[in-house]
Amino acid sequence: MRCPRYVLGIETSCDETSCAVLRGRDEILSNVVSSSLFRHKKFGGVVPEIASRHCMEQIQCVFEEALREAKIKAADLDLIAVTRGPGLIGSLFVGVSFAKALAYQLKIPFVGVHHMEGHLVASLFGQVEPRLYVGLLVSGGHTILTFCEKGKIHVLGETVDDAVGEAYDKVAKLMGLGYPGGPVLDKLAKRGNPRAVHFTRPKQDKRFDFSFSGVKTAVLYKLRDPRTGQPNPEAPSRADMAASFQHAVIGWLVEKVIDACEFKGVSDIVVGGGVSANSYLREKLARDGAAKGIKVRFPPFSLSTDNAAMIARRGLELYARGVRSSYKMTADPGLALV
Ligand code: KG4
Ligand code: ZN
């Protein structure tokens, strides 16, 4: 089997259209991302039809730009890796159809990739992958704790309701801060008192599961009277609310991921997904991990949110393990991790 030299990654699972070219596993020659975020802002969340239309309009020019930046031609490509799921069906469909058509035209193989597996490898570029590690996947749609052993991923636990990114987005909406909520709450939290508001830790039947819907309701009740729906005159300042919310949810995440390391006896953590951009998560997990002799890897900011470079890398890893996709492969909006 010839080792693929140039790999094209395609990512269209939600509101981003991205194509990337890797040379080998570690060298990112290009990673072009066209976001439709500006089109969704006024609706307070992603509108699936707008997202998929944007992907359809953008995919050809994003692909051409990725080749141009990488200084290669389409005929130089050896392998295509494409996000197969989970995500929005219309957006996924654009990327999967494009990948199949291109693979057919170029007579090269293609591999369907799980979006969250892509997030998991985003922090491993240029690094030696630890043989054993705990993976924390935190995005707008998922919160999953995994145990990874020689490239194989096992799910330890996940959220039973909202994802942590979703909780940020919903709380920001309640506070009138717009979409997406993560970056704005993260910034606002820096000016507030993290102990101004106490949030009760949710109780979980399973040790490594999460729950974030209760904290969102608690924020709502601090802002408005639950009986009348009128604004609460004693509501904390927006900065205090942001800081307290962030202190609570990141604290729960950090405790569980360190508990999982101790349970599994591993000393490496790999974090992926949009919420990995969070400044308090980065600071607290690195600090609390170091205190226990645990090394934490975060992706660079450019690879925290959705991008095709991480999909290309994961596709290449799967290909090296013998995985091939057939033309019967379809987009799967509910694709399970394992
Ligand atoms: O991985 P991603 O780009 O898309 C999905 O696969 O969902 O993650 C997007 C999520 C959004 O919920 C956004 O609010 C959150 O990541 N996010 C953050 C930060 N930056 C993005 N959450 C907290 N703090 C941030 N700095
Ligand atoms: Zn994502």
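The structure we're discussing is the one just above.
So, here's what we can say about the structure.

### A word on the pairing of strand S3 (residues 27-35)
As defined by bridge partners, strand S2 (residues 16-23) adjoins S3 across 8 bridges and the pair is classed as antiparallel. Bridge pairing in S3 links Val21 to Ser30. Taking the residues that link successive antiparallel strands as the turn, the S2-S3 hairpin has 3 residues, and the phi of Gly24 there is positive, at about 70°.

### What about the environment of Phe210?
Following the sequence through the fold, Phe210 ends up in the loop between helix H6 (181-189) and helix H7 (213-223). The buried category is assigned to Phe210, whose relative accessible area is 2%. The spacing of Phe210 and Thr159 is 51 residues in sequence and 4.2 Å in space, taken between C-alpha atoms.

### Some points on the coordination of the zinc ion (ligand 2)
Only His115 (NE2), His119 (NE2) and Asp306 (OD) from the protein coordinate the zinc ion (ligand 2), and they sit 2.0 to 2.1 Å from it. Motif for the zinc ion (ligand 2), donor spacing along one chain: H-x3-H-x186-D. Note that His115 and His119 are positioned in helix H4 (residues 115-121) at a spacing of 4 residues, about one turn of the helix. Overall, His115 belongs to the buried group, its relative accessible area being 6%. With a relative accessible area of 0%, His119 lands in the buried category.

### Some thoughts on the site of ligand 1
The full set close to ligand 1 counts 20 residues, and Gly140, Asp169, Gly182, Gly274 and Asn278 are the nearest of them. Residue His115 places a side-chain N or O atom 3.1 Å away from an oxygen atom belonging to ligand 1. At a separation of 3.0 Å, a nitrogen atom of ligand 1 approaches a polar side-chain atom of Asp186. The protein chains hide 87% of the 560 Å² of surface that ligand 1 would expose on its own.

What counts as what
- Residues numbered from 1 in each chain as written.
- Chains lettered and ligands numbered in written order.
- Predicted model: local features only at pLDDT ≥ 70, side-chain atom pairs only at ≥ 80, totals over all residues.
- Heavy atoms only, no water.
- Pairing = 2+ DSSP bridges.
- Helix = DSSP H or I, 4+ residues; strand = E, 2+ residues; numbered from the N terminus.
- Buried < 20%, exposed > 50% of the residue type's maximum accessible area, 1.4 Å probe, protein only.
- Donors = N, O, S within 2.8 Å, 3.2 Å for Na, K, Ca; no water.
- Near = heavy atom within 4 Å.
- Polar contact = N/O pair within 3.5 Å; in protein donor to acceptor, adjacent residues only side chain to side chain.
- Areas by Shrake-Rupley, 256 points an atom, 1.4 Å probe, with all protein chains shown as cover.

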